[in-house]
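What follows is each chain in one-letter form.
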Amino acid sequence: MFWLLAILAYLLGSLSFAILLSRMTGAADPRASGSGNPGATNMLRVAGKRLAILTLIGDLFKGLLPVLIAARLGFDLQQQAWLGLAAVVGHLYPLFFRFHGGKGVATAAGMLLGLYPPAALLALGAWLLTFLLTRTSSMAALIATPLTLPLLAWQQPAALLPMCVLSGLIVWRHRSNLRDLWAGRERHF
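Residues numbered from 1 in each chain as written. Predicted model: local features only at pLDDT ≥ 70, side-chain atom pairs only at ≥ 80, totals over all residues. Heavy atoms only, no water.

## Regarding the UniProt feature "transmembrane region" (unreviewed entry) in the chain
Next up, step 1: In this structure's numbering, the residues bearing the UniProt feature "transmembrane region" (unreviewed entry) are residues 51-69, 81-99, 119-144 and 151-172.
Next up, step 2: Annotated as 100% helix and 0% strand, the span residues 51-69 places its first and last C-alpha atoms 27 Å apart.
Next up, step 3: A helix fraction of 63% and a strand fraction of 0% characterise residues 81-99, whose end C-alpha atoms lie 22 Å from each other. (UniProt positions renumbered as here; feature names shortened; annotations may be inferred. Helix = DSSP H or I, 4+ residues; strand = E, 2+ residues; numbered from the N terminus.)

See below:
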């Protein structure tokens, strides 16, 4: 049953709300505009607030739903975390869009919200504070996700390994942003 849910979580994660919403509304394909990332931040740049918010909600839901289903079915916390991670991997490398996905931050936030809401709120606070100070979404994501999540995972030790894997994936997907940050070329809002 676990592996079936993992496959379903990956497939759910593979649904790109940014791409689907842009197609449904006639907005520019986020992969061909702005930063080229099919996520909420780039949707804000290329399609406006409404589609960015809808993308954010959809991406959050992709990470939250597998965790809630797993909890409802009685899976332990570590299994819930691995299933949430499967959805994040689907977002990063979506089957339906030639494995060209987003950065995974919103989907990871949904996963964390399902696993341990106080940690999700603290990560959100770290993201907001960093964004307000720097006006840089990637910097906020790199502070809130990889640096905050492993520190917060000690409250739920069973989730530590999946959360560390998650943090590594988020940093990996932001590697071009890291290069741009170091070079002073990263986009600001």
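## Re the environment of Phe 75
Next up, step 1: As for its placement among the helices and strands, Phe 75 is situated in the loop between helix H4 (49-72) and helix H5 (77-92).
Next up, step 2: Overall, Phe 75 belongs to the buried group, its relative accessible area being 13%.
Next up, step 3: Sequence separation between Phe 75 and Ser 16 is 59 residues, and the spatial gap between their C-alpha atoms is 27 Å.
Next up, step 4: Those residues within four positions of Phe 75 in sequence are excluded, and the remaining contacts are Met 1, Phe 2, Leu 5, Ala 70 and Gln 80. (Buried < 20%, exposed > 50% of the residue type's maximum accessible area, 1.4 Å probe, protein only. Contact = heavy atoms within 4.5 Å.)

## Section: the packing of helix H3 (residues 40-47) against H4
Next up, step 1: Look at H3 against H4: their axes get within 7 Å of each other, and the N-to-C directions meet at 165 degrees. One finds that H3 runs roughly antiparallel with respect to H4. The crossing of H3 and H4 is right-handed. Contact residues: H3 offers Ala 40, Met 43, Leu 44 and Ala 47, while H4 offers Lys 49, Leu 51, Ala 52, Thr 55 and Leu 56.
Next up, step 2: Of the residues belonging to the contact of H3 with H4, the class tally is 7 nonpolar, 1 polar and 1 charged. (Axes fitted to C-alpha atoms, helices over the stretch in contact; angles between N-to-C directions. Parallel < 35°, antiparallel > 145°, perpendicular 65-115°, else oblique. Left-handed = near helix turned anticlockwise from the far one by under 90°. Nonpolar A, V, L, I, M, F, W, Y, C, P; charged D, E, K, R; others polar.)

## Observations regarding the pattern of salt bridges
Next up, step 1: Under the counting rule described, the total for this entry stands at 2 salt bridges.
Next up, step 2: Among the salt bridges present, the one from Arg 31 reaches Asp 29, with a minimum N-O distance of 2.7 Å. (Salt bridge = Lys/Arg side-chain N within 4 Å of Asp/Glu carboxyl O.)

## Details of a nonpolar patch on the surface
Next up, step 1: The grouping of Met 1, Leu 4, Leu 8, Ile 69 and Leu 73 at the surface amounts to a nonpolar patch, some 500 Å² of accessible area in total.
Next up, step 2: For Leu 8, the location among the structural elements is in helix H1 (residues 2-13). (Patch = residues over 30% accessible without salt bridge, like charges linked within 9 Å, V, L, I, M, F, W, Y side chains within 5 Å. Areas by Shrake-Rupley, 256 points an atom, 1.4 Å probe, with all protein chains shown as cover.)

## Some thoughts on the environment of Gly 84
Next up, step 1: With respect to the helices and strands, the residue Gly 84 is situated in helix H5.
Next up, step 2: Judged by relative accessible area, Gly 84 falls into the buried class, the value being 0%.
Next up, step 3: As a C-alpha pair, Gly 84 and Leu 181 span 97 residues in sequence and 29 Å in three-dimensional space.
Next up, step 4: Other than its neighbours up to four places away in sequence, Gly 84 contacts Gly 63, Val 67 and Met 111.

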